[in-house]
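# Structural characterization, general
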Amino acid sequence: FSRLAQLTIVCGIAAYLPRTQYALFAHFLALYGIMQLPGLAVGVKFMIQAVQRFDLQLTLDLLDQRLAIYLVPIPFVFLFRSWGRAHPEYGEAFGAALGLATGPQAAAILVAAVGLYFLKVRLRLPLGPLFLAQFDRSTVRRILTFGFKATLGQEPYRIANVVENGIIVTRLQAYQTWLGLRSVLTNVTQNLVLFAWPYFSSAVPALSEAYASGKKQLVQYYLVRYLQFAHLFVAVLVALIGAIGTPLIRDVMAPQWTRAGDYLFLALAVTLFLPGAWISDMLQQGSGRTGLNAIVMLIEQALRVGLFFLLIPTLQFPGMYIA
């Protein structure tokens, strides 16, 4: 239903665009709007996660994020490029753009089909509830309130990034070079930790079920285990990157990125704090405290921006990581 509302708004804008200087984008906006239906692929993955079959969820993630998203769009691009050549009034480039729009949706439908197979055959769960509007106003109110607070909790991070970029541009000397080095350090530190994100996100349904059942000792047990294995994973990763990261940057990457190795351990120090922060977020979401999560994010990001403003002029690039 939320996708249907998005579709209506987006296609309404697409219908208006031909009256403006952006008429060229009307077709693509309408197509991307239509591609939002159905919203089934994400729902299937969340349902499998909710019943805590993380093996099947990870299989879907692997299919979705590592295989289908790259392989499935290729034939669609070739197909629509051929169509564009056959219709010169649209052109080959227009056809390729259509292929890029429809390919990911075909990949999502493939993932949804595999997910439905898992639900019906492997888990023997009924599929009817996925296609029926079985909710009342109370359910809508609860879900919208939960979702609004969860979305609101992400806004301080996004707003802080905008302000942070402004501070970097105005107060960091030769900021273009330093932003490139920061990107290199992020790729070899925090982005590697993101490989474990499915593990972190699996805490939400587990903590939610235990908390809703009033089993506080089980909640504490889950927290201990999640923190234990998360810190073990990050510790091993930090040790490995700390050992080979600087030679890797120096010998494999282009010469202009060599200086990033001088700040590798500073970036790794920040990475060590990620398990505690992320598990805290999962606990707040799993216990239904998305409003508390939004407040924590607001305080955290306001403090970060303030420290950026104070530390970058005096410490320059290291001030980013200290902040």
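For the structure itself, look to the data block above.
Residues numbered from 1 in each chain as written. Predicted model: local features only at pLDDT ≥ 70, side-chain atom pairs only at ≥ 80, totals over all residues. Heavy atoms only, no water.

As a further point, take the pattern of salt bridges. Under the criterion given, the structure shown has eight salt bridges. R182 is paired through a salt bridge with E164; the nearest N and O atoms lie 2.9 Å apart. A residue pair is termed long-range when its members are at least 10 positions apart, and R182 in helix α9 (residues 175-188) and E164 in helix α8 (residues 137-171) qualify at 18 residues. In this structure R182 comes out as partly exposed when scored by relative accessible area, which is 21%. (Salt bridge = Lys/Arg side-chain N within 4 Å of Asp/Glu carboxyl O. Helix = DSSP H or I, 4+ residues; strand = E, 2+ residues; numbered from the N terminus. Buried < 20%, exposed > 50% of the residue type's maximum accessible area, 1.4 Å probe, protein only.)

Now for the nonpolar core. Counting 40 residues, the largest nonpolar core has L185, F200, I312, F317 and M320 as its most contacted members. Looking at this core, the elements that each hand over two or more residues are α8, α9, α12 (203-212), α13 (216-252), α14 (264-271), α15 (274-286), α16 (290-315) and α17 (318-322). When residues of this core are assigned to their parent elements, the largest contribution, nine residues, is made by α13. Apart from the residues lying within four places of it in its own chain, the contact partners of F200 are A230, P275, W278, I279 and M282. Counting 17 residues, the second-largest nonpolar core is a separate cluster that includes L40, A107, V111 and L116. (Core = buried A, V, L, I, M, F, W, Y, C linked by side-chain atoms within 4.5 Å. Contact = heavy atoms within 4.5 Å.)

Attention now moves to the packing of helix α1 (residues 2-16) against helix α2 (residues 26-34). Put simply, α1 and α2 touch, their axes get as near as 8 Å, and they point 170° apart. By the angle between their directions, the pair α1 and α2 is classed as roughly antiparallel. Listed contacts from α2 to L7, V10, C11, I13 and A14 of α1 are A26, L29, A30, G33 and I34. A per-class count over the contact of α1 with α2 returns nine nonpolar, one polar and no charged. (Axes fitted to C-alpha atoms, helices over the stretch in contact; angles between N-to-C directions. Parallel < 35°, antiparallel > 145°, perpendicular 65-115°, else oblique. Nonpolar A, V, L, I, M, F, W, Y, C, P; charged D, E, K, R; others polar.)

Our next topic: the environment of F195. Inspection of the secondary structure puts F195 in the loop between α10 (190-193) and α11 (197-201). For F195, a relative accessible area of 55% translates into the label exposed. Between the C-alpha atoms of F195 and F317, which are 122 residues apart in sequence, the distance is 27 Å.

So, about α2. Within α2, burial applies to A26, F28, L31 and G33. As for α2, its buried residues are in contact with α1 and α6 (92-122).

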